[in-house]
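Geometric and topological summary
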Amino acid sequence: MARRAGGADLPLHGGRVPAWLGQRMTRLGAVMAQAIVHHYGRDEFLRRLAHPFWFQSFGAVMGMDWHSSGVTTSVIGALKRGLTPLSGELGLHVCGGRGKHSRQTPLELQEIGGRVGFDGAALAQASRMVAKVDSAAVQDGFDLYLHGFIVADDGKWVVVQQGMNADARTARRYHWLSEGLQDFVDAPHAAIDGEAGGEIVNLTDRRARKSRARQLDLLRDLGPDGVARAFAALEPRPEPAQMTLPHLVMPAHHDVRPQDVMSRRLHGALAAAAECGPRDFSELLSVPGVGARTVRALAMVAEVVHGAPCRFADPARFSLAHGGKDRHPFPVATEVYDKTIDVLKRAVAQAKLGQDDRLEALRRLDAQARRLERADGATFEDFVAAERRRSADYGGRSVFGWERADDGG
């Protein structure tokens, strides 16, 4: 049976991803996917996408708002743009998206299935069923508006879809994984992301199996009109609160605060970059223009590539790699971002030729960061203040424009 992995409450944010960031997210997302597939295989990449904590961290390291609903839309969009040209190499295909794009998912699946050989019609039906379950069988007050279907050449898939509660100004993300899925209506979710928002009717819960069966019996015995009369005759009575899945609550505040970050893990990444990067990672530093600041970003990217699920309880930490588009925790360091992409692209290109030295250097950087997690280091506030002071030097940019040398406050 598909596993439940937890959830998160995502504040609704308006606005759009600027082109300068969207293009970088496309390139970084694609090359990180290549690295994960190279090390761990396609199935593991699908499992990562089905893990809500990892998914949020993936979006944060790409410079998106670390906690908002926009992470879902922007990550799915970036992967669709970035992985489509690589579909022949990786055997991965991203379908659907937001709004009208979500409704094209069945057609996309049938077209891709005809090209690569999986049963596109069956997967199109799976796409419809997934959407129907989360919109009808799980009545939690969230209206679906995004449906992303990522499928491999062998027919394995993951679905990431999101609903909106406009009154509460929150979003809920749902993760599905085909691995181990036996029944669409009996506890099928890999994860549901979202804080409890009142009374929820979840007919996919295993405890609702008798309810589903009895509903069919009533419909057969009484017919629709009879069911309506029986329902009207019932007196209102309080319902017991339904147990909710574990979930990560993403706070409403937009800024990144010390309590949002596990400081010992941050110190480990910074210590690994400062103490070991320049000395031991010459394979990474051989890329022109790469210095200690880029190695710090690479340490966080390496953790997203190599980290175990338990490492992603604080997605905010990964926003410290490149920053965020709304200047939280600091403006996106575009020059560092570009160097990160450059290093990863060169490493992946070498790995395709059988030379894994650079990709292995990233794995060692991540391992070293874990060994140094108890090292003392700068406080979170000092780190962010230093990044803001030097933002212009790193090509700092946000939705408000380029940073100037006197904008570091």
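Residues numbered from 1 in each chain as written. Predicted model: local features only at pLDDT ≥ 70, side-chain atom pairs only at ≥ 80, totals over all residues. Heavy atoms only, no water.

Across the sheet, which stays open at both edges, the 3 strands sit in the order β10-β11-β12 with antiparallel pairing between neighbours. Both edges of this open sheet fall to β10 (332-333) and β12 (401-402), since each of them pairs with a single strand only. Bridge count for β10 against strand β11 (residues 396-398) is 2 bridges, and the pairing is antiparallel. Counterpart to V332 in the pairing with β11 is R397. (Pairing = 2+ DSSP bridges. Helix = DSSP H or I, 4+ residues; strand = E, 2+ residues; numbered from the N terminus.)

In this structure, P329 follows H328 across a cis peptide bond, with omega equal to 0°. Checked against the element boundaries, P329 lands in the loop between α12 (292-306) and β10. A positive phi angle, close to 70°, is found at R327, a residue other than glycine. Summarising the element assignment, R327 is placed in the loop between α12 and β10.

On to helix α7 (residues 105-116). A rise of 1.5 Å per residue sets the reference length of α7, with its 12 residues, at 16 Å; its end C-alpha atoms lie 16 Å apart and thus fit the reference within 8%. For α7, the complete set of buried residues consists of T105, P106, L109, I112 and G113. For α7, the arc enclosing every buried residue in end-on projection is 130°, short of the 170-degree limit, so these residues lie on one face. With respect to the buried face of α7, the exposed residues turned more than 90 degrees away are L107, G114 and R115. Residue G117 follows α7 closely and has a positive phi angle near 110°. (Expected span 1.5 Å × (residues − 1). Buried < 20%, exposed > 50% of the residue type's maximum accessible area, 1.4 Å probe, protein only. Arc of directions from axis to C-beta.)

Core analysis: the biggest nonpolar cluster contains 89 residues, and M32, F45, L83 and L320 have the highest contact counts within it. The element that contributes the greatest number of residues to this core is helix α1 (residues 19-40), accounting for 11 residues. Mapped onto the domain boundaries, this core takes at least three residues apiece from domain 1 (3-196) and domain 3 (258-400). Setting aside residues no more than four positions away along its own chain, L83 makes contact with A30, A33, F45, L90, L92 and V94. Counting 15 residues, the second largest nonpolar core, distinct from the first, contains I112, A126, F142 and Y174. (Core = buried A, V, L, I, M, F, W, Y, C linked by side-chain atoms within 4.5 Å. Domains from an automatic or database assignment. Contact = heavy atoms within 4.5 Å.)

We now examine the packing of helix α3 (residues 52-61) against α12. With their axes 10 Å apart at the nearest point, α3 and α12 run at an angle of 155° to one another. Between α3 and α12, the crossing angle belongs to the class labelled roughly antiparallel. Helix-helix and strand crossings are classified by hand; for α3 and α12 the assignment is left-handed. Residues W54, S57, F58 and V61 of α3 form the contact with α12, whose own contacting residues are M300, V301 and V304. Partitioning the contact of α3 with α12 into residue classes produces 6 nonpolar, 1 polar and no charged. (Axes fitted to C-alpha atoms, helices over the stretch in contact; angles between N-to-C directions. Parallel < 35°, antiparallel > 145°, perpendicular 65-115°, else oblique. Left-handed = near helix turned anticlockwise from the far one by under 90°. Nonpolar A, V, L, I, M, F, W, Y, C, P; charged D, E, K, R; others polar.)

Here A273 lies in helix α10 (residues 263-280). Note on A273: relative accessible area 0%, which makes it buried. When the C-alpha positions of A273 and A292 are compared, they lie 6.4 Å apart, and in sequence the two are 19 residues distant.

If you walk through the whole model with that rule in mind, you get 25 salt bridges. Between R42 and D154 there is a salt bridge, with the nearest N and O atoms lying 3.6 Å from each other. Taken as a pair, R42 in helix α2 (residues 42-49) and D154 in the loop between β4 (143-152) and β5 (157-165) lie far apart in primary sequence, 112 residues in all. Relative accessible area serves as the criterion here: at 42%, D154 is assigned to the partly exposed category. The salt bridge involving E403 is made with R327; its shortest N-O contact spans 2.9 Å. Of this pair, E403 sits in the segment after β12 while R327 sits in the loop between α12 and β10, placing them 76 residues apart in sequence. Classification of E403 as buried rests on a relative accessible area of 12%. Look at the salt bridges and you will find they share partners, linking R264, E303, R311, D314, R317 and E373 into a network. (Salt bridge = Lys/Arg side-chain N within 4 Å of Asp/Glu carboxyl O.)

Topologically, H253 is positioned in the loop between β9 (248-249) and α10. Judged by relative accessible area, H253 falls into the buried class, the value being 17%. Within polar-contact distance, the side chain of H253 engages the side chain of D260 at 2.9 Å. Apart from the residues lying within four places of it in its own chain, the contact partners of H253 are W66, H67 and D260. (Polar contact = N/O pair within 3.5 Å; in protein donor to acceptor, adjacent residues only side chain to side chain.)

Glancing now at the pairing of strand β6 (residues 170-177). Burial analysis of β6 places 8 of its 8 residues in the buried class, the great majority of the element. Residues T170, R172, Y174 and W176 line one face of β6 and the alternating positions A171, R173, H175 and L177 line the opposite face, and both faces are buried. Relative to β6, β5 is paired through 8 bridges, and the arrangement is antiparallel. Among the inter-strand pairings, G163 is bridged to a residue of β6, identified as R172.

Moving on, we get to the packing of aromatic side chains. Applying the stated criterion across every chain yields a total of 4 aromatic pairs. Here W54 and F58 contribute two aromatic rings whose centre-to-centre distance is 4.7 Å and whose plane-to-plane angle is 20°, an arrangement assigned as stacked. With W54 and F58 both in helix α3 and 4 residues apart, this pair spans about one turn of that helix. By relative accessible area, F58 is classed as buried at 0%. Relative to F383, the ring of F330 lies with its centre 6.5 Å away and its plane at 70°, an arrangement referred to as edge-to-face. Of this pair, F330 sits in the loop between α12 and β10 while F383 sits in helix α15 (residues 380-389), and the two are 53 residues apart along the sequence. Side by side, F330 and F383 carry an identical accessibility label, which is buried. Taking the ring centre of Y394 as reference, the NZ or CZ of R293 above it sits at 5.6 Å. (Phe/Tyr/Trp six-rings, centres within 6.5 Å; stacked < 30°, edge-to-face > 60°. Lys NZ or Arg CZ within 6 Å of the ring centre and 35° of its normal.)

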